[in-house]
Amino acid sequence: MLGEQKICFSGVQPSGNLTIGNYLGAIRNFSTFSDAYKCFYCVVDEHAITVRQVPADLRRRTYETLALYMACGLDPEKNTLYVQSHVPAHAELSWILNCYTMFGELSRMTQFKDKSTKHADNVNAGLFTYPVLMAADILLYQTDVVPVGIDQKQHVELARNIAERFNQLFPDTFTVPEPMIPQNGKKIMSLADPTKKMSKSDENQNAIVYILDDRDTIIRKFRRAVTDSDTVVRFAEGKDGINNLMTIYSCFTEKSMEEIEREFAGKGYGDFKLAVGEVCADALAPVQARYKELLADKAGLEAQMKKGAEEAAYYARKTLAKVQKKLGFVQVR
Ligand code: TRP
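Quick summary incoming for the structure in this document. (Residues numbered from 1 in each chain as written. Predicted model: local features only at pLDDT ≥ 70, side-chain atom pairs only at ≥ 80, totals over all residues. Heavy atoms only, no water.)

Take the overall build of the chain next. From N to C terminus, the chain includes 13 helices and 5 strands. Compactness check: the chain gives a C-alpha radius of gyration of 22 Å against a globular reference of 20 Å for 333 residues, within 12% of the reference. Considered along the principal axes of its C-alpha atoms, the chain spans approximately 75 × 45 × 40 Å. By the burial criterion, 50% of the 333 residues in the chain qualify as buried. Put simply, of all contacts in the chain between residues at least 6 apart along the chain, 76% involve residues at least 24 apart. A total accessible area of about 16,200 Å² is found for the chain, and carbon and sulfur atoms account for 52% of it. Between the centroid of the 42 positive side chains of the chain and the centroid of its 42 negative side chains there is a distance of 3 Å. (Helix = DSSP H or I, 4+ residues; strand = E, 2+ residues; numbered from the N terminus. Rg over C-alpha atoms; globule rule 2.2 N^0.38 Å. Buried < 20%, exposed > 50% of the residue type's maximum accessible area, 1.4 Å probe, protein only. Contact = heavy atoms within 4.5 Å. Areas by Shrake-Rupley, 256 points an atom, 1.4 Å probe, with all protein chains shown as cover. Lys, Arg positive; Asp, Glu negative; His and termini not counted. Charge placed at Lys NZ, Arg CZ, Asp CG, Glu CD.)

Below, the structure is given as structure tokens:
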């Protein structure tokens, strides 16, 4: 808590390839949090290097990610937007928390097990302690809520366990955070296999619509979306493809399923798919225009990063100093 305001923290990977699933399921709603919470959004470049990166790409994607989140409506005046490596307290607290996290706990993390299979040639210690750095991110800001996808829930639970363990030894150090998993049923499915979630790591590019896809690409991808052999635009069991397209259409237009059924009564899937493509492209056009504008002004983005890092560092240093003092580190000033 910060005065009366609860604190919200989330980390975002520096990858420019966000999908409309990320947009509709999470990012679009981030801007509404800033009324209810004091929000920190951190581009986690230090987490990114747990798998091999091409330095020039990492650098470019760090700018792109910041620009994209801002273009999607995150207002840097109302939220603290910054880059993880610009606030050294993250790495410092992470070391300390390493000493309060058990080998066995980290061995049970499913993401570690998945990633060490996927990157078998590079099972580095950073990959193993990734969740500890994430706990440091969260605990540094005395965070109350952490908006994350379901795949990150286990990591937030570990952060809770670390916080509780530390608080047991050193009372009143950390706020114990809660994960906040979006549950509004706005899960967007793959266009190629609508029983699977739309994922940016899908190999089939036709399965995914990116926020930054151009209009023709968006319309083409929706035209190719897998549907069923029925012909009626209707939300019903067994019609996963159409249900998904209706969900997307509804997210962009705010129309109910009944309204959509009425709108497309007597029309075929072809007309409907084109309409979904058009509302999606129309909605993303201003985001893309703003993104281009922001990205063209590198100095502006850097000024933004600097301001964000200063804000974040102010809170982070307070927590870090408190922890260091409790641990018995000598404070000289
Ligand atoms: N691990 C998260 C992911 O891959 C990113 C992340 C890093 C994060 N630090 C965080 C998310 C702190 C929430 C809070 O998506």
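Next comes the rest of the account.
A few words on the site of the ligand. Taken together, the neighbourhood of the ligand is formed by 13 residues, with Gly11, Gln13, Tyr130, Asp137 and Gln152 sitting nearest. Here an oxygen atom of the ligand and a side-chain polar atom of glutamine 13 are 3.3 Å apart. In the model, a nitrogen atom of the ligand is placed 2.7 Å from a nitrogen or oxygen of the tyrosine 130 side chain. Against a free-state accessible area of 370 Å², the protein chains account for coverage of 90% of the ligand. Broken down by element, the shell around the ligand gets its largest block of residues, 4 residues, from helix α7 (residues 125–140). Grouping the constituent residues of the shell around the ligand by class yields 7 nonpolar, 5 polar and 1 charged. (Near = heavy atom within 4 Å. Polar contact = N/O pair within 3.5 Å; in protein donor to acceptor, adjacent residues only side chain to side chain. Nonpolar A, V, L, I, M, F, W, Y, C, P; charged D, E, K, R; others polar.)

What follows is about the pairing of strand β3 (residues 79–83). Taking burial as the measure, the 5 residues of β3 include 5 buried ones, the bulk of the element. The side-chain alternation of β3 yields two buried faces, one formed by Asn79, Leu81 and Val83 and the other by Thr80 and Tyr82. By the bridge criterion, 5 bridges tie strand β2 (residues 37–43) to β3 in an arrangement that is parallel. Of the residues in β3, the one forming a bridge with valine 43 is valine 83. (Pairing = 2+ DSSP bridges.)

Moving on, we come to the pattern of salt bridges. Summed over the entire model, instances satisfying the criterion amount to 15 salt bridges. Glutamate 178 serves as the salt-bridge partner of arginine 160, at 3.6 Å between the closest nitrogen and oxygen. Taken as a pair, arginine 160 in helix α8 (residues 153–169) and glutamate 178 in strand β5 (residues 178–180) lie far apart in primary sequence, 18 residues in all. Residue classification places arginine 160 among the partly exposed residues on the basis of a relative accessible area of 21%. Linking lysine 196 and aspartate 202 is a salt bridge whose minimum nitrogen-to-oxygen distance equals 3.6 Å. Classification of lysine 196 by relative accessible area gives partly exposed; the value is 41%. (Salt bridge = Lys/Arg side-chain N within 4 Å of Asp/Glu carboxyl O.)

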